[in-house]
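Tertiary structure, described
Each chain, letter by letter, is given below.
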Amino acid sequence: MRTRIPTALAASACVLLLALTATACGDDGPPEAGDQKGVADFLQQNVGCQDVDYYSADDLSEIQEQINGLDGGGVCDQENGDIDFLHVTDMKGFAQSVAAQDGGDNSLMIGQDFAVDAGRDERVDKLLKAGLFLLDCDPGMQIPDGYHREDVGDGCVATDYRKDSGSDE
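Attention in this report is confined to the structure presented alongside it. Fair warning: this is a prediction, and the values are worked out from it, not measured in the lab. (Residues numbered from 1 in each chain as written. Predicted model: local features only at pLDDT ≥ 70, side-chain atom pairs only at ≥ 80, totals over all residues. Heavy atoms only, no water.)

Section: the overall build of the chain
Stated precisely, the cut-off is as follows: Labels follow the DSSP assignment, with helices taken as runs of H or I lasting at least four residues and strands as runs of E lasting at least two, numbered in each case from the N terminus. Buried, partly exposed and exposed residues are distinguished by accessible area as a fraction of the type maximum, computed with a 1.4 Å probe on protein chains only: under 20%, between the cut-offs, and over 50%, respectively. Contacts between residues were defined by any pair of non-hydrogen atoms, one from each residue, lying within 4.5 Å.
If you tally the helices and strands in the chain, you get six helices and eight strands. The linear arrangement of helices and strands in the chain, starting from the amino end, is α-α-α-β-α-β-β-α-β-β-α-β-β-β. Burial analysis of the chain (169 residues in total) assigns 50% to the buried set. Nonlocal contacts in the chain, meaning residues at least 24 apart in sequence, comprise 65% of its contacts between residues at least 6 apart.

Overview of the nonpolar core
We count it as follows: The nonpolar core is taken to be a set of buried Ala, Val, Leu, Ile, Met, Phe, Trp, Tyr and Cys residues, with the residues joined through side-chain atoms within 4.5 Å.
One finds L43, M109, F114, V116, L127 and L132 to be the most contacted residues of the largest nonpolar core, which totals 19 residues. Mapped by element, the contributors of at least two residues to this core are α3 (36-46), β3 (83-88), β5 (114-117) and α6 (121-129). Aside from chain neighbours lying at most four places away, what touches L132 is P31, F42, M109, I110, G111, F114, V116 and L127. Counting eight residues, the second largest nonpolar core, distinct from the first, contains L60, I67, V75 and V88.

Considerations on helix α4 (residues 57-64)
Threshold: To obtain the arc, one takes the directions from the helix axis to the C-beta atoms.
D59, L60 and I63 are the residues of α4 that are buried. Taken around the axis of α4, the buried residues stretch over an arc of 95 degrees, which confines them to a single face. Among the exposed residues of α4, those pointing more than 90 degrees away from its buried face are A57 and D58.

A short note on the side chain of D113
Put simply, the rule reads: Positive charges come from Lys and Arg alone, negative charges from Asp and Glu alone, with His and the N- and C-terminal ends not counted. Basic side-chain nitrogens of Lys or Arg form a salt bridge, by our definition, when they fall within 4 Å of a carboxyl oxygen of Asp or Glu. Under this definition, polar contacts are N or O atom pairs within 3.5 Å; protein pairs additionally need one hydrogen-donor-capable and one acceptor-capable atom, and for neighbouring residues in sequence, both atoms have to be side-chain atoms.
Residue placement: D113 occurs in the loop between β4 (108-110) and β5. We note that D113 is buried and unpaired, the nearest opposite charge coming from K37 at a distance of 14 Å. Within the structure, the side chain of D113 is placed 2.7 Å from the backbone nitrogen of A33, a separation counted as a polar contact.

Details of the pattern of salt bridges
Scanning the entire structure with this criterion turns up four salt bridges. For E122, the salt bridge goes to R120, with nearest N and O atoms at 3.8 Å. Through salt bridges with shared partners, one network takes in D121, D125 and R162.

As for the packing of aromatic side chains
Worth spelling out the cut-off: Aromatic rings from Phe, Tyr and Trp, taking only the six-membered ring of Trp, are treated as a pair when their centres fall within 6.5 Å; an angle between ring planes under 30 degrees marks them as stacked, one over 60 as edge-to-face, and anything in between as tilted.
Inspection of every chain in the model, using the stated rule, returns three aromatic pairs. Taking the centre distance of 6.4 Å and the plane angle of 90 degrees together, the rings of Y54 and F85 count as edge-to-face. Highlighted residues: Y54 in strand β1 (residues 51-54) and F85 in strand β3, separated in sequence by 31 residues. Residue class for Y54 comes out partly exposed when judged on its relative accessible area of 34%.

Following this line, the structure appears as structure tokens:
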């Protein structure tokens with residue numbers, strides 16, 4: 001089983017996770033899954049999965065060596081590319097671990113207790129409609145009026161605005 005998600009979860013995602021944990025509550029916040037099955041159910045309901053493969057204990061241990069605060073995750077298999085997901089039990093510990101990671105991903109999406117690497121633009125759009133937020137750390141990012149914009153530090157924002165990337169990875 002491949003486990004690319006630690007790289008996909010960019011260092012600045014930790015700030016978003018902390019902000020969502022501190023500010024999100026009730027129906028006004030992003031979705032909450034409860035456990036890894038809840039994340040898979042959320043993905044099945046919103047983007048459809050042909051199959052869900054949960055990480056084995058060995059796979060999860062490998063991920064947990066790099067990222068704290070996880071109790072599960074897996075892959076939502078789709079014909080046109082997979083969606084990696086993690087269930088987060090300790091958002092603060094998770095955020096601190098993610099801060100140590102390097103890189104970036106323009107399809108990183110966050111709920112209250114889970115992270116998703118959506119990949120393709122069409123999935124990003126569906127998950128935005130389902131209430132997840134994108135993390136954007138582009139210093140020149142211009143978010144039009146009418147879109148959610150939450151400054152989360154280090155020049156990063158949580159937003160429901162997706163720049164037209166022109167590609168579908």
